[in-house]
Amino acid sequence: MSSCSNSLAVNASSQTQPRKEDRVKSAVFLSPKFELKPGSVANKFYYNIDFPKGHIAIKDFHAEVVDEAGNSVPLYETYLHHWVVVRYYQRKGVEFNVSDFIVKRSSGMCNGVLNQYFGLGSETRITATYVPDPYGIEIGNPAEVHNGYEERWLVNIHAIDTRGAEDKMGCIECRCDLYNVTKDENGRKIEPDYIGGMRCCYDEMRCRVKQGFKGKKKSMYLKYTVKYIDWDASIVPVKIYIFDITDTITLKKPQNSTATAPKHNCKV
């Protein structure tokens, strides 16, 4: 009897004062299509992607690579090196122009890099990102947007197709010898002591595959799901901080120091 009456009391309370969780909306989007063949790399930047509009609070963000049928693509076939979603302001009526482009970066320490609101490496598939009540990530506040600009979002997707690779681990670690490159995408010579990294596995590069291996070109998308609620005064805004383990700065400052904080040396 007591458990029944308690249940009725909870239901009655929730009807008079709905929880924020009960008002959560969900929207699912796909990035533009990108194509990969065995061993190939895609490092794409897509601007003005689909995103919920209005003054809202984001509660959750989840992304994964899917094929044309909407099926999740396993990491052992297409390794999602990273994906990042960045918030920015663009002058109205302009598709993209560097001079009319203002990044609304996250609150992290690494200014100029790690500016994203969402996304990191392949581990994001099992990382929980739900923001519980009363908190939310505020976006779409008209008071924050520069005059004559509008809020937009971009996504960077870096994926490596490892089907038929001679050395799968070497491919996803971007070992330079497996990609047979001597210059990076900006034409700069790669130093002999640079064994592997982003400079060797840029867009349209190809990792070495086993001789005679054949595989079809595949079309894929980044599928991303955004959960959000309409903004109201009861929501506590959340700031996003991304830290870099290679940051060499010493954060401790002398007591009573009036000096400005030194710039973080994030090597990423």
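Remember, it's a predicted structure, so these values are computed and weren't measured experimentally.

(A) The arrangement of the side chain of S40 in detail. Along the chain, S40 falls in the loop between β2 (34-36) and β3 (41-46). Once residues lying within four places of it in the same chain are set aside, the contact partners of S40 are A159, I160, D161, M205 and R206.

(B) Layout of the nonpolar core. Residues F34, F51, F61 and F118 are the most contacted members of the largest nonpolar core, which totals 36 residues. When contributions to this core are tallied by element, the ones reaching two or more residues are β1 (25-30), β2, β3, β4 (56-67), β5 (78-91), β7 (135-139), β8 (149-161) and β9 (218-230). Residue contacts for F34: discarding those within four places in its chain leaves A42, K44, Y46, V65, I157, A159, K218, S219, M220, Y221 and L222. Counting 15 residues, the second-largest nonpolar core is a separate cluster that includes V41, I160, C176 and Y202.

(C) Main features of the pairing of β7. Buried residues dominate β7, accounting for four of its five residues. The pairing of β4 with β7 spans three bridges and is classified as antiparallel. What sits directly across from I58, in β7, is I137. As judged from the two bridges shared by β7 and strand β10 (residues 236-237), these two strands associate in the parallel manner. Considered in β10, the bridge of G136 is made with P237.

(D) Fine view of the pattern of salt bridges. In this structure the tally under the stated criterion is 16 salt bridges. As a salt-bridge pair, R23 and D232 come within 3.1 Å of each other at their nearest N and O atoms. Of this pair, R23 sits in the loop between α1 (2-16) and β1 while D232 is found in the loop between β9 and β10, placing the two residues 209 residues apart along the sequence. Overall, the relative accessible area of 31% leaves R23 in the partly exposed class. The class of D232 is partly exposed, set by a relative accessible area of 22%. Between E166 and R208 there is a salt bridge, and its shortest N-O distance comes to 3.5 Å. Placement of the pair is E166 in the loop between β8 and α2 (168-172) and R208 in the loop between α3 (176-179) and β9, with a sequence separation of 42 residues. Accessibility expressed as a relative area gives 44% for E166, which makes it partly exposed.

Analysis parameters
Residues numbered from 1 in each chain as written. Predicted model: local features only at pLDDT ≥ 70, side-chain atom pairs only at ≥ 80, totals over all residues. Heavy atoms only, no water. Helix = DSSP H or I, 4+ residues; strand = E, 2+ residues; numbered from the N terminus. Contact = heavy atoms within 4.5 Å. Core = buried A, V, L, I, M, F, W, Y, C linked by side-chain atoms within 4.5 Å. Buried < 20%, exposed > 50% of the residue type's maximum accessible area, 1.4 Å probe, protein only. Pairing = 2+ DSSP bridges. Salt bridge = Lys/Arg side-chain N within 4 Å of Asp/Glu carboxyl O.

Any functional reading would require information that these geometric values do not contain.
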